[in-house]
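Analysis of the macromolecular model
One-letter residues, chain by chain:
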Amino acid sequence: MVVVKKEMEKFQNLLREIFQFESSDLDFGIYRILNYKRNEIEEFIQNKLPHLIEKAFGKHKKRLSENIEEKFAKVKEK
């Protein structure tokens, strides 16, 4: 679970970097629109995105867990 959380944080930071929220000198064209929508974008990145990802991959979680348990049992037998 810790690995997944770290990967989610990396992904969220990458999105923030792509949107260049830290560059205050970008206030023209598309950047002006992004700055105008900054709160909504940050809300999506911070709160909605993790839930969407969990929902999308949730159906595969059980199968992955079963595969891990099977591999563990085989290694344990050896």
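The notes below deal with the structure included here. (Residues numbered from 1 in each chain as written. Predicted model: local features only at pLDDT ≥ 70, side-chain atom pairs only at ≥ 80, totals over all residues. Heavy atoms only, no water.)

**Considerations on helix 3 (residues 38–77)**
Note the following rule: To get the bend at a given residue, fit one axis to the seven residues ending there, fit another to the seven starting there, and take the angle between those axes. For the purposes of this entry, the term helix denotes a DSSP run of H or I that reaches at least four residues, the term strand denotes a run of E that reaches at least two, and both are numbered from the N terminus. In this scheme, a residue with accessible area under 20% of its type's maximum is buried, one over 50% is exposed, and one in between is partly exposed, where area comes from a 1.4 Å probe on protein chains only.
Bending of helix 3 peaks at approximately 50 degrees at the position of G58. Inspection of helix 3 places I41, I45 and L49 among the buried residues, and these make up the whole buried set.

**Remarks on the pattern of salt bridges**
Two side chains carrying opposite charge are able to pair once their charged atoms lie near each other. Note the threshold: Only one rule defines a salt bridge in this text: a Lys or Arg side-chain nitrogen within 4 Å of an Asp or Glu carboxyl oxygen.
Here the structure, examined in full by the defined rule, presents 1 salt bridge. With a closest N to O distance of 3.7 Å, E7 and K10 form a salt bridge. Taken as a pair, E7 and K10 lie in helix 1 (residues 2–19) at a separation of 3 residues, close to a single helical turn.

**Considerations on the environment of Q46**
Our working definition: Any pair of residues with heavy atoms lying within 4.5 Å of one another is described as a contacting pair.
With respect to the helices and strands, the residue Q46 is situated in helix 3. Sequence separation between Q46 and Q12 is 34 residues, and the spatial gap between their C-alpha atoms is 7.2 Å. Ignoring anything within four residues of it in the chain, the contact list for Q46 reads Q12 and R16.

Just distances and angles here, no functional claims.
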